Amino acid sequence: MATPDLEDDGSIVTLDLHGLSVDEAIDLTYSTLRLAEDRGRNRLKVIHGSSTTQSGPHRTIKSELHDLLDRGSLASHATSVVRSQDTLTFVLDLTAASNPTPIKLRDVQR
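Residues numbered from 1 in each chain as written. Predicted model: local features only at pLDDT ≥ 70, side-chain atom pairs only at ≥ 80, totals over all residues. Heavy atoms only, no water.

(A) Seen up close, the overall build of the protein. Of the regular secondary structure elements, the protein holds 3 helices and 5 strands. The helix and strand sequence of the protein, counted from the amino end, reads β-β-α-β-α-β-β-α. The C-alpha atoms of the protein give 13 Å as radius of gyration, which agrees with the globular expectation for 110 residues (13 Å, within 12%). Viewed in the frame of its principal axes, the protein has a C-alpha envelope of about 45 × 30 × 20 Å. Considering only residue pairs separated by 6 or more positions, the protein has 64% of its internal contacts joining residues 24 or more positions apart. Per element, the accessible surface of the protein, about 6,200 Å² overall, is 47% carbon and sulfur. (Helix = DSSP H or I, 4+ residues; strand = E, 2+ residues; numbered from the N terminus. Rg over C-alpha atoms; globule rule 2.2 N^0.38 Å. Contact = heavy atoms within 4.5 Å. Areas by Shrake-Rupley, 256 points an atom, 1.4 Å probe, with all protein chains shown as cover.)

Pasting the structure below:
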């Protein structure tokens, strides 16, 4: 089974949400977005997968993230968001000074 993963090269944080429930993925995305912004990262790339579930009442990580974006509640810290088939990339507002301390998955998991 896949597990979540986080990589931080000091400029771009990549968060892979595979293996999480929808609620866990949303919480982790918010936590990572805040910490990436606080540490002065340029971008947060969120890998949510391509979601092979049929349309309907079933929530998927992809559909929930896109719904949050459409409602305006997820991208409040980003200057823009690039959507692709299986990822979202948040271009972050660089108001914080860069902190070179790498972000680790344990830093954003509760």
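(B) Summary view of the nonpolar core. Ranked by internal contacts, the top residues of the largest apolar core, which has 26 residues, are L17, L65 and F90. Contributions of two or more residues to this core are made by β2 (12–16), α1 (22–38), β3 (43–47), α2 (61–70), β5 (87–92) and α3 (105–108). Broken down by element, the residue count for this core peaks at 7 residues, all from α1. Beyond its immediate stretch of four places on either side in the chain, L65 contacts L17, I26, T29, V46, H48, L74 and L88. (Core = buried A, V, L, I, M, F, W, Y, C linked by side-chain atoms within 4.5 Å. Buried < 20%, exposed > 50% of the residue type's maximum accessible area, 1.4 Å probe, protein only.)

(C) Quick peek at the side chain of R39. In this fold, R39 is placed in the loop between α1 and β3. Of note is the side chain of R39, whose polar atom sits 3.4 Å from the backbone oxygen of P102. Residues contacting R39, with those up to four places away along its chain left out, are A97, S98, N99, T101, P102, I103 and D107. (Polar contact = N/O pair within 3.5 Å; in protein donor to acceptor, adjacent residues only side chain to side chain.)

(D) Structural context of the confidence of the model for the protein. Residues with a pLDDT of 70 or more make up 92% of the protein, whose mean pLDDT is 87. Per-element confidence in the protein is highest for strand β1 (residues 5–8), whose mean pLDDT is 97, and lowest for strand β4 (residues 78–83), whose mean pLDDT is 89. (pLDDT = per-residue confidence, 0-100.)

(E) Fine view of the sheet that holds β1. What the 5 strands build is an open sheet, ordered β1-β2-β3-β5-β4; its pairing is mixed. Taken across any chain shown, the strands that pair with only one partner, and hence form the sheet edges, are β1 and β4. The mean inter-strand angle of the sheet, taken between neighbouring strand axes irrespective of direction, is 15°. As paired elements, β2 and β3 share 5 bridges and run parallel to each other. By the bridge assignment for β3, D16 is matched with I47. (Pairing = 2+ DSSP bridges. Axes fitted to C-alpha atoms, helices over the stretch in contact; angles between N-to-C directions.)

(F) Up close: the packing of α1 against α2. With their axes 9 Å apart at the nearest point, α1 and α2 run at an angle of 45° to one another. One finds that α1 runs oblique with respect to α2. Viewed along their axes, α1 and α2 form a crossing whose handedness is right-handed. Contacts from V22, A25, I26, T29 and Y30 of α1 reach α2 at I61, E64, L65 and L68. For the contact of α1 with α2, the per-class residue count stands at 7 nonpolar, 1 polar and 1 charged. (Parallel < 35°, antiparallel > 145°, perpendicular 65-115°, else oblique. Left-handed = near helix turned anticlockwise from the far one by under 90°. Nonpolar A, V, L, I, M, F, W, Y, C, P; charged D, E, K, R; others polar.)

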